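Structural overview
Next come the chains, spelled out residue by residue.
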Amino acid sequence: KNEVEQSPQNLTAQEGEFITINCSYSVGISALHWLQQHPGGGIVSLFMLSSGKKKHGRLIATINIQEKHSSLHITASHPRDSAVYICAVRKGGSEKLVFGKGTKLTVNP
Amino acid sequence: ETGVTQSPTHLIKTRGQQVTLRCSSQSGHNTVSWYQQALGQGPQFIFQYYREEENGRGNFPPRFSGLQFPNYSSELNVNALELDDSALYLCASSLPSLHTSTDTQYFGPGTRLTVL
């Protein structure tokens, strides 16, 4: 079993819909990252969380340390949000980032 | 644009050959991490360099090695290439604070390696 699990694996939405992507992890962590990867490979860091909630524009990320769960929400989704969203955790006391397999989001006009 | 660059963008090699991939960090970042991403998978941590010293390593064999230079640019070397080494190789630079948990990583665009 992977230490970081994401769901769903694939997600298709209509423009304007509210999107939720989930991430569960099974190890102690010092931080959790949400990343966005566009076709071609480039990865952009969206959020880094160690507790609570962060908001940036239409993106909201939350983390529940007790439940070992994080969610990434996209409000008023747009076709340009189409990408793979990856959850990654930094294991406590380690330099290593452990990545989920990603959620492929497609937003149709 | 993250300010992190990688070269080359694409590379084709044959089994048994050796390859060197390069990464230039964002200005001032003294930490660089390398990742391997197979098709359809999340990235896997290869190793990290901090101020020219290896500072953590994932589950990769010794034929994966690296260097970090005084200007904090970095190289990933892979010897005796195998077919399964075909992947996107990503580097990410960061400038950790006193507490590792607060660093943000800036990723380069990646080098796509194909081993035939």
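Attention here is on the structure that accompanies the text. Since the model is a prediction, treat every value here as computed from it, not as a measurement. (Residues numbered from 1 in each chain as written. Chains lettered and ligands numbered in written order. Predicted model: local features only at pLDDT ≥ 70, side-chain atom pairs only at ≥ 80, totals over all residues. Heavy atoms only, no water.)

Description of the sheet that holds strand 8 (residues 69-74) of chain A
Consider a sheet: its strands pair through backbone hydrogen bonds, and that pairing is either parallel or antiparallel. Residue and element names in this part refer to chain A. Spatially, five strands are ordered 1-3-8-7-6 in an open sheet, and the strand pairing comes out antiparallel. Only two strands of the sheet have a single partner each, and these edge strands are strand 1 (4-7) and strand 6 (52-56). Across this sheet, the average inter-strand angle for adjacent strands is 15 degrees, counted without regard to direction. Where strand 3 (residues 19-25) lies against strand 8, six bridges are found, and the strand directions are antiparallel. Its bridge partner lying in strand 8, Asn 22 is registered against Ser 71. (Pairing = 2+ DSSP bridges. Helix = DSSP H or I, 4+ residues; strand = E, 2+ residues; numbered from the N terminus. Axes fitted to C-alpha atoms, helices over the stretch in contact; angles between N-to-C directions.)

Digging into the pattern of salt bridges
All names here are of chain B. Applying the stated criterion across every chain, the model contains six salt bridges over all chains. The salt bridge partner of Glu 75 is Arg 22, with a shortest N-O separation of 3.5 Å. Of this pair, Glu 75 sits in strand 8 (residues 74-78) while Arg 22 sits in strand 3 (residues 19-24), placing them 53 residues apart in sequence. Judged by its relative accessible area of 42%, Arg 22 falls in the partly exposed class. (Salt bridge = Lys/Arg side-chain N within 4 Å of Asp/Glu carboxyl O. Buried < 20%, exposed > 50% of the residue type's maximum accessible area, 1.4 Å probe, protein only.)

Here's the deal with the side chain of B:Ser93
Residues and elements named next belong to chain B. Residue placement: Ser 93 occurs in strand 9 (residues 87-94). A distance of 2.8 Å separates a polar atom in the side chain of Ser 93 from a polar atom in the side chain of His 29. If near-sequence neighbours (up to four positions away) are discounted, Ser 93 is found in contact with Val 4, Ser 25, Gln 26, His 29, Thr 31, Val 32, Thr 104, Gln 105 and Tyr 106. (Polar contact = N/O pair within 3.5 Å; in protein donor to acceptor, adjacent residues only side chain to side chain. Contact = heavy atoms within 4.5 Å.)

Notes on the sheet that holds strand 1 (residues 5-7) of chain B
Residue and element names in this part refer to chain B. The antiparallel open sheet is built from four strands, whose spatial order is 1-3-8-7. Two strands in the sheet have a free side with no partner beyond their single neighbour: strand 1 and strand 7 (64-68). Across the sheet, the mean angle separating the axes of adjacent strands is 20 degrees when strand polarity is ignored.

Thoughts on the environment of A:Asp81
All names here are of chain A. Looking at where Asp 81 falls in the secondary structure, it is placed in the loop between strand 8 and strand 9 (83-91). On the accessibility criterion, Asp 81 (7% relative accessible area) is buried. Along the primary structure Asp 81 and Gln 36 are separated by 45 residues, whereas in three dimensions their C-alpha atoms are 9.1 Å apart.

Bear in mind that shape data such as this cannot, by itself, settle questions of function.
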